[in-house]
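Per-entry structural report
Chain residues, written in single-letter form:
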Amino acid sequence: MRTSLNIPQEVLESFDTTWQDEGLESRSRAVREAIQEYIERHTELEELDGPVVAALAFDYEHTLVIGELHTVQHEFEEVISTTQHMHHGEWCLETLFCQGSAARIRELVYRLRDFDAVGRVNVMFLQPELSAMSKD
């Protein structure tokens, strides 16, 4: 299926350099792989259930969203154990260490991704019971 996307020029140039450096045969192939990785990452987020431990890392433009982000963090204080924050000019990098129900943490991820001034939200789950099972 043919489709059209609006992508900032600098993002497209960086993407093209990346897939070419990796030796892929075309931009289309690289886009298909990127879409598949996106689906896999979000499927994991959707499929988790019960209590989990997670780290959420996200970047954002400080002046555009800081008040709203603090409000969201207070709304989810029952699952946010610790935060870590780093400044880089007008942009910030923040990590939230969370523990609680997968559903509530998933809701927090989606709230953070809803802000235009948030560049991206990456999630890593720690599931000790799954790690122990894979060693058996």
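For every chain, the first residue of its written sequence is number 1, and the numbers climb from 1 along that sequence. Selection of residues for local features in this predicted model requires a pLDDT of at least 70, selection of side-chain atom pairs for listing and counting requires 80 or more, and totals for whole chains, interfaces and linings are taken over all residues. Excluded from the side-chain calculation are hydrogens and water; included are all heavy atoms of the structure.

Regarding the sheet that holds strand β2 (residues 80–88)
One open sheet accounts for four strands, arranged β2-β3-β1-β4; its pairing is antiparallel. In this open sheet, the two edge strands, each paired with only one partner strand, are β2 and β4 (118–126). Strand after strand, the sheet turns through a mean of 15° between neighbouring axes, direction not considered. Strand pairing is assigned whenever DSSP identifies at least 2 bridges connecting the two strands. Note on conventions: DSSP H or I runs of at least 4 residues are helices, E runs of at least 2 residues are strands, and numbering of each starts at the N terminus. As defined by bridge partners, strand β1 (residues 51–61) adjoins strand β3 (residues 91–101) across 11 bridges and the pair is classed as antiparallel. Note on β3: the bridge partner recorded for F58 is E94. Comment: axis = line fitted to C-alpha atoms, over the contacting stretch for helices; angle = value between 0 and 180 degrees taken between N-to-C directions.

Looking at the side chain of Q73
Tracing the chain through its elements places Q73 in helix α3 (residues 62–75). Think of a polar contact as two N or O atoms within 3.5 Å of one another; within protein, one of them needs to be a possible hydrogen donor and the other a possible acceptor, and neighboring residues in sequence only count if both atoms come from side chains. Side-chain polar atoms of Q73 contact the side chain of E94, separated by 3.1 Å. Working rule for contacts: check all heavy atoms of both residues, and any pair within 4.5 Å makes them a contact. Each residue touching Q73, except ones within four places of it in the same chain, is listed here: F58, I80, T83, E94 and L96.

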